[in-house]
Amino acid sequence: MKKFSELGLDNRIVELLNRNGFIEPTEVQEKAVPIALEGKDLIVRSKTGTGKTYAFMLPILDRAKRGEHVGALVLAPTRELALQIAAMTRKVDANGKGVTVVYGGASINVQIQELRRKPTIVIGTPGRVLDLIERGALDISRIQFMVLDEADMMLDMGFIDDIERILALTPAQKQTMVLSATIPDAIVSIARRHMRDPVKIVVGKEEELVVNTITHFYSIADYRGKFATLLAYIKKYNPSKAIVFARTKHMADILYDFMKSKGFDVILMHGGLTQAKREHSLGEFRRGARFMIATNVAARGLDISGISDIINFDVPDDPNLYVHRSGRSARMNADGRSFTIINESQRDLITQIKNLANIRIERLDLDTREFEGAMPRMQMRHEHGEGRYGRGRSGGYGRSGHGRDRRRIYKNDFSYSHR
């Protein structure tokens, strides 16, 4: 394994990397950085958690010229990932290039003011980037570097038209880097239209979508048994740090209250929270909270070290989401577990996940007797038609039970058709 000092990077960048504990590059960094330093376009296919951020950002920090115009634009699928990329960049910005992050859900006027400081690197979500361009606040006509990070996620989230419009406004003579866990046809199409003889780098086997240090399990439970199954799993494996995924914001709220009532150190993360509350939750999770209850917003791009377990309380309908969820654990070659709770009618989803990700998922039979009857108290109120959130609640996600069939809503959160 080489060291960062052998990749051809500026010594000041290497020094900051070493100070932050980065001595040896990951495989994707070792392969991509030297080629990127040569100015070649890159398509990098590498699994989640393998170190792709520095694979593209280190060459940009080394080669981007600071001046009156933006030198590099990095597009990311979520504001959390954009903020994360920016934080990692600032750690090793040895030459004071300057970084600005732009994303929806925050004041656009503040972001316009930040852009007036003439940062070299702009990192943002496609929608907000396009908005700033259309307002005349962001000029990308002279950029040297264009990056699409987690490209498959951006395509899955419907950003393809925005990305095409942004790329059309960039100069022909630029270096473009596309990084993704998978390379769907849409990415190949983008490469043909907007890249110049890109070098393709593949880390890991082509058929592998998740790192091989993750052990995959599933259990079968009806809707009444899911909570007992969750508690039995936690008792058996005692996760040091885990994300519990729910399908909807409503279900995430229920799980959050349920686990709080059981005394777990837990935080909540979903799109119904304000940006400030989401950032506070992430901070709490990074500082030591043991469990995060989340919807898919947390599956897309977050790099939080030390996650031992991913628990899919609700199995994702799209097998690709399973890949992105389980990729939150076992970061940087650590070991991890991914556990999914399904009902009898969802067995085919397990088969689809196995086939897509080329992984082995073992059935786990847990002893749930100790936790039989463990249900959120609110469920009984739902089944009797009472609106649990009728009194409102701090945090931006209060609800009213008036005029709503609470029993139907709760059932849909579990996605069960019976009863």
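Above this text is the structure in question.
Criteria and cut-off values
- The written sequence of each chain sets the order in which its residues are numbered from 1.
- Local features in this predicted model are restricted to residues whose pLDDT is 70 or higher, and side-chain atom pairs enter the listing and the counts only when it is 80 or higher, whereas totals over whole chains, interfaces and linings include all residues.
- By convention in this description, side-chain values take in all heavy atoms of the structure and omit both hydrogens and water.
- Criterion used throughout: strands pair if DSSP finds at least two bridges between them.
- Secondary structure elements follow DSSP: runs of H or I no shorter than four residues count as helices, runs of E no shorter than two count as strands, and numbering proceeds from the N terminus.
- Here the axes come from fitting lines to C-alpha atoms, over the contacting stretch only for helices, and the angles between their N-to-C directions go from 0 to 180 degrees.
- Burial classes: relative accessible area under 20% of the type maximum marks a residue as buried, over 50% as exposed, and values in between as partly exposed (1.4 Å probe, protein chains only).
- Orientation categories follow fixed angle ranges, with anything under 35 degrees roughly parallel, anything over 145 roughly antiparallel, 65 to 115 roughly perpendicular, and all other angles oblique.
- Put simply, a crossing is left-handed when the front helix is turned counterclockwise from the back one by less than a right angle, and right-handed when it is turned clockwise.
- Here a residue-residue contact requires only that any non-hydrogen atoms of the pair lie within 4.5 Å.
- The residue classification treats Ala, Val, Leu, Ile, Met, Phe, Trp, Tyr, Cys and Pro as nonpolar and Asp, Glu, Lys and Arg as charged. All others, Gly included, are polar.
- The directions considered for the arc run from the helix axis to the C-beta atoms.
- Think of a polar contact as two N or O atoms within 3.5 Å of one another; within protein, one of them needs to be a possible hydrogen donor and the other a possible acceptor, and neighboring residues in sequence only count if both atoms come from side chains.
- Between 30 and 60 degrees the pair is tilted, below 30 it is stacked and above 60 it is edge-to-face, where a pair is any two Phe, Tyr or Trp rings, Trp via its six-membered ring, whose centres lie within 6.5 Å.
- Lysine and arginine charges are scored as sitting over a ring when NZ or CZ, respectively, is within 6 Å of the ring centre and within 35 degrees of the ring normal.
- Here, nonpolar core refers to any group of buried Ala, Val, Leu, Ile, Met, Phe, Trp, Tyr and Cys residues whose side-chain atoms link them within 4.5 Å.

## Describing the sheet that holds strand 12 (residues 309-312)
Backbone hydrogen bonds are what pair the strands of a sheet, in a parallel or an antiparallel way.
Here is step 1: In space, the seven strands of this open sheet follow the order 10-11-9-12-13-8-14, with parallel pairing throughout. The sheet is open, and its two edges are formed by strand 10 (266-269) and strand 14 (361-363), each paired on a single side. If you compare each strand with its neighbour and ignore which way they point, the axes differ by 20° on average.
Here is step 2: Relative to strand 11 (residues 291-294), strand 9 (residues 242-245) runs parallel, the two sharing four bridges.

## Topic: the pairing of strand 5 (residues 145-148)
Here is step 1: The side-chain alternation of strand 5 yields two buried faces, one formed by Phe145 and Val147 and the other by Met146 and Leu148.
Here is step 2: Bridge count for strand 5 against strand 6 (residues 175-180) is four bridges, and the pairing is parallel. Opposite Val147, over in strand 6, you have Met177 as the bridge partner.

## A few points about unusual backbone geometry
Peptide bonds are, in most cases, trans, and in most cases residues other than glycine have a negative phi.
Here is step 1: Despite not being glycine, Lys118 has its phi angle at roughly 60°, a positive value.
Here is step 2: Among the structural elements, Lys118 can be located in the loop between helix 5 (108-115) and strand 4 (121-124).
Here is step 3: Phi at Asn238 takes a positive value of approximately 45°, unusual for a residue other than glycine.
Here is step 4: In this fold, Asn238 is placed in the loop between helix 10 (226-237) and strand 9.
Here is step 5: Judged by relative accessible area, Asn238 falls into the exposed class, the value being 53%.

## Regarding the packing of helix 6 (residues 126-134) against helix 8 (residues 160-168)
Here is step 1: It is at 9 Å that the axes of helix 6 and helix 8 come closest, and there the two elements cross at 40°. Compared by their axis directions, helix 6 and helix 8 come out oblique. The interaxial crossing formed by helix 6 with helix 8 has left-handed handedness. Together, Pro126, Gly127, Val129, Leu130, Ile133 and Glu134 of helix 6 and Asp162, Ile163, Arg165 and Ile166 of helix 8 make up the contact between the two elements.
Here is step 2: For the contact of helix 6 with helix 8, the class distribution of residues is six nonpolar, one polar and three charged.

## Some points on the pairing of strand 2 (residues 72-75)
Here is step 1: Because side chains alternate across strand 2, one face comprises the buried residues Ala72 and Val74, and the other comprises Leu73 and Leu75, equally buried.
Here is step 2: Sheet topology places strand 2 next to strand 4; four bridges connect them, and they run parallel. By the bridge assignment for strand 4, Val74 is matched with Ile123.
Here is step 3: With four bridges connecting them, strand 2 and strand 5 associate as parallel partners.

## Some thoughts on helix 1 (residues 11-19)
Since the α-helix advances by 3.6 residues per turn, residues separated by three or four positions end up pointing in the same direction.
Here is step 1: Within helix 1 the residues assigned to the buried category are Ile13, Val14, Leu16 and Leu17. Across the axial projection of helix 1, the buried residues extend over an arc of 165°, all falling on one side. Exposed side of helix 1, more than 90 degrees from the buried face: Asn11 and Arg19 are the residues found there.
Here is step 2: Elements in contact with the buried residues of helix 1: helix 3 (52-63) and helix 4 (79-91).
Here is step 3: The distance from a side-chain oxygen at the start of helix 1 to the backbone nitrogen of Arg12 is 2.7 Å, and the residue carrying that oxygen is Asp10.
Here is step 4: Looking one or two residues past helix 1, Gly21 carries a phi angle of roughly 90°, positive in sign.

## As for the environment of Leu169
Here is step 1: By the secondary structure assignment, Leu169 is in the loop between helix 8 and strand 6.
Here is step 2: Each C-alpha atom of the pair Leu169 and Ser141 lies 6.1 Å from the other, and the pair is 28 residues apart in sequence.
Here is step 3: What Leu169 contacts, discounting residues up to four positions off in sequence, is Ile133, Ile140 and Ser141.

## Some details on helix 9 (residues 185-194)
Here is step 1: Considered for burial, the residues of helix 9 that qualify are Ile187, Ile190, Ala191 and His194. With its buried residues spanning 100° around the axis, helix 9 presents them on a single face. In helix 9, the exposed positions that point more than 90 degrees away from the buried face belong to Asp185 and Arg192.
Here is step 2: Next to the buried residues of helix 9 lie strand 1 (42-45), strand 5, helix 7 (151-156), helix 8 and strand 6.

## What to know about the packing of aromatic side chains
Here is step 1: Counting across every chain of the model gives seven aromatic pairs.
Here is step 2: When the ring of Phe227 is compared with that of Phe313, the centres are 5.0 Å apart and the planes differ by 50°; the resulting orientation is tilted. With Phe227 in helix 10 and Phe313 in the loop between strand 12 and helix 13 (319-326), this pair connects stretches of sequence that are 86 residues apart. In this pair, the class of Phe227 matches that of Phe313, namely buried.
Here is step 3: Taken together, the ring pairs in this structure connect Phe217, Tyr233, Tyr237 and Phe339 into an aromatic cluster.
Here is step 4: Seen from the ring of Phe313, Lys226 lies directly overhead, with NZ or CZ sitting 4.6 Å from the centre.
Here is step 5: Just above the ring of Phe285 sits the side chain of Lys241; from NZ or CZ to the centre is 4.4 Å.

## Some points on the nonpolar core
Here is step 1: Core analysis: the biggest nonpolar cluster contains 42 residues, and Phe56, Met57, Ile60, Ile123 and Met177 have the highest contact counts within it.
Here is step 2: In terms of residues, this core owes the most to one element, helix 3, which gives seven residues.
Here is step 3: Excluding residues that lie within four positions of it along the chain, Phe56 makes contacts with Val74, Ile85, Val147, Asp149, Met177 and Leu179.
Here is step 4: By size, the runner-up hydrophobic cluster in this structure holds 34 residues, among which are Ala232, Ile254, Phe264 and Ile341.

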